[in-house]
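Secondary and tertiary structure notes
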Amino acid sequence: MEELARAAVESALNAGAEFADIRIEDSTSTMIEIVDGVTKRSLASHFKGAGVRAFVEGAWAFAQTTELTPSGMRETGASAARLASVTKKRASEKFRIDGPSFRGRVHYRVMTHFADIPIEDRVAFAKFIDDQARDFDRRIVTTRTVYSDLWMTVFVANSLGTEVYFENALPRVSSIPTAKDGTSRQGGHKTLGLRGGFEVMRTPEAQHVGEEAAQLAVELLSSKVAKGGISDVIMDPVLNGVMVHEAFGHACEADNWPAHATVLEDRVGTQVGPETLCLSDDPTLPGRRGSFEYDWEGTKTRKRHLVMNGVLTELLHSLETSSRLGMEPNGAARAQSFMSVPIPRMSNTFMEPGDWDVDELIQDTKSGMILCDFNYGYTDPSKGQFMFQASHGYLIENGERGQIIRDVSLAGQILEVLAKVDAVAKDFHLDAGSCGKNGQTVPDMSGGPHARIRQVPVGGV
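Since the structure is predicted, the reported quantities are computational estimates derived from the model, not experimental observations. (Residues numbered from 1 in each chain as written. Predicted model: local features only at pLDDT ≥ 70, side-chain atom pairs only at ≥ 80, totals over all residues. Heavy atoms only, no water.)

1. Here we look at the pattern of salt bridges
Quick note on the threshold: Here a salt bridge means any side-chain nitrogen of Lys or Arg lying within 4 Å of a carboxyl oxygen belonging to Asp or Glu. What counts as a helix is a DSSP run of H or I of at least four residues, what counts as a strand is a run of E of at least two, and both are numbered from the N terminus. A simple rule labels every residue: compare its accessible area, found with a 1.4 Å probe on the protein chains alone, to the largest value its type can have, and call it buried under 20%, exposed over 50%, or partly exposed in between.
Under the counting rule described, the total for this entry stands at 33 salt bridges. Note that Arg 134 and Asp 131 form a salt bridge whose closest N and O atoms lie 2.5 Å from each other. Separated by three residues within a single helix, Arg 134 and Asp 131 lie in helix H3 (residues 119–134), roughly one turn from each other. The exposure class of Arg 134 is partly exposed, given its relative accessible area of 25%. Taking the shortest distance from any N to any O, the salt bridge between Arg 452 and Asp 364 comes out at 2.8 Å. Here Arg 452, found in strand E28 (residues 451–459), pairs with Asp 364, found in helix H8 (residues 358–365); they are 88 residues apart in sequence, far enough to count as distant. Residue classification places Arg 452 among the buried positions, given a relative accessible area of 2%. Residue classification places Asp 364 among the partly exposed residues on the basis of a relative accessible area of 34%. One connected set of salt bridges, linked through shared partners, spans Asp 232, Asp 364, Asp 422, Arg 452 and Arg 454.

2. Digging into the packing of aromatic side chains
Applied cut-off: Put simply, two rings from Phe, Tyr or Trp (the six-membered ring, in Trp's case) pair if the centres are within 6.5 Å, and we call them stacked under 30 degrees between planes, edge-to-face over 60, tilted for the rest. Charge-over-ring contacts are defined here by two conditions on Lys NZ or Arg CZ: a distance within 6 Å of the ring centre and an angle within 35 degrees of the ring normal.
Counting across every chain of the model gives 11 aromatic pairs. Note on Phe 386 and Phe 388: the rings are 5.0 Å apart at their centroids and 20° apart in plane angle, and the pair reads as stacked. Accessibility classification places Phe 386 together with Phe 388 in one group, the buried group. Lying across the ring of Trp 60, Arg 53 places its NZ or CZ 4.1 Å from the centre. Over the ring of Trp 356 we find Arg 452; its NZ or CZ atom is 5.3 Å from the centre of that ring.

3. Let's talk about the packing of H3 against helix H5 (residues 209–220)
Stated formally: Each axis is a line fitted through C-alpha atoms, taken for helices only over the stretch in contact, and angles between the N-to-C directions span 0 to 180 degrees. Put simply, angles under 35 degrees are roughly parallel, angles over 145 are roughly antiparallel, angles from 65 to 115 are roughly perpendicular, and the rest are oblique. Crossing handedness follows the turn of the near helix against the far one: under a right angle anticlockwise gives a left-handed crossing, and clockwise gives a right-handed one. In what follows, residue pairs with any heavy atoms lying within 4.5 Å of each other are defined as contacts. For this scheme, ten residues count as nonpolar: Ala, Val, Leu, Ile, Met, Phe, Trp, Tyr, Cys and Pro. Four count as charged, namely Asp, Glu, Lys and Arg, and the remainder, Gly too, count as polar.
Two numbers describe how H3 lies on H5: the axes approach to 7 Å, and their chain directions differ by 30°. Considering the angle they form, H3 stands roughly parallel to H5. Here H3 and H5 pass one another in a crossing that is right-handed. Residue-level contacts link Ile 129, Gln 132 and Ala 133 of H3 to Val 209, Gly 210, Glu 211 and Ala 214 of H5. Within the contact of H3 with H5, the residues separate by chemical class into four nonpolar, two polar and one charged.

4. A short note on the nonpolar core
What counts, and what does not: In this text, buried Ala, Val, Leu, Ile, Met, Phe, Trp, Tyr and Cys residues form a nonpolar core when linked through side-chain atoms within 4.5 Å.
Met 243, Phe 248, Leu 264 and Ile 414 are the most contacted members of the largest nonpolar core, which has 44 residues in total. If one sorts the elements of this core by residue count, helix H6 (residues 237–249) sits on top with six residues. Ignoring anything within four residues of it in the chain, the contact list for Leu 264 reads Phe 248, Ala 251, Cys 252, Trp 257, Val 272, Leu 312 and Leu 415.

5. What to know about the side chain of Ser 318
With respect to the helices, strands and loops of the structure, Ser 318 is situated in the loop between strand E15 (311–312) and helix H7 (319–325). Filtering out sequence-adjacent residues up to four positions away, Ser 318 remains in contact with Glu 297, Ala 333 and Pro 344.

Below is the structure:
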């Protein structure tokens, strides 16, 4: 791979590129979908190819190929450089790509490689989870289970001297059952996704995903529609993570700065929340779905302290954004595959824990709501506005957890809402997800502790 990568980069430089890089990927994946006990989809995929970028005076060009030969690499590198040279006249800003170079190899060790598990056994596991949800209660009327695994190898090289190789393994299982009682029909949803081999699916946490999803669906049959208004809200770790990721984390992606598309523009180094508030993005956490040692530009990753004691301290950078803004690259460039260009993305994004016990937090709230998990929502990083519908919640009455509620949402402007976070619990949980941006989807996690927001708009009836 090293020789192929050097051929592409050298060819791009010889054709006029100021900077060039390449990602060579060889990945295999499996996806199995079971609906009501019947296998609806069983897909196996193999991705192998290279993506080459060339940069000339502020203009980028990107070319991809599956012809992994010396001649194929040279032609792809030269093609990208010629295209960048043609488009440089239209570049609105002239700058140079600069940054440190890295060399390293990461062989990710798993206990049980996916390739060592016959496809029949992986289908049997998915069916086990599906049956588990359906057998939980007679009121479960439909079930859907999705299992997936991905084994990825990536080699990255660039004209700054970077040459890194890394591997990743990502299994995931989701259970989505529906419960019905009379005219009430409610859905549950639980997902487990971590970094590791098939051994992750043998943990007690994975073995009960169907049961937990079914339990939530059945519990929601007795729920009531929430009443909208202004309320004290305790976010559970999942909803907290969704807010931190969607409403704040995307606004920290540094490609928003040149585009003037973030509510945080001109806010680096200023107070954006209470002194107790700390928000982080950390791809170095062991065993997490959003973890990786090098990013897709070959930059060594590290923990990013987005907000420290209420102050915006750091952004999420690619080599382009760190070069344009004169800041240090921090390994946040990610690409969906070799067929996509790397852009600033989050990894494992969360609110740091505080010092409250969860029960103490509920008792201290007296009247309000606990909002849990996530159905859907929207966010606008340029204005900081967001709305997230929780999958369910609970009323807080006289300092105690009360009636289960549904159809409840949290809305607001992120800087105004963060200013109202007055208590953060000491518990911590990360939830598996996948993040979409610019047509690319990458695996990630988000979460944190329970946290209380005072007097925030809540949607309901």
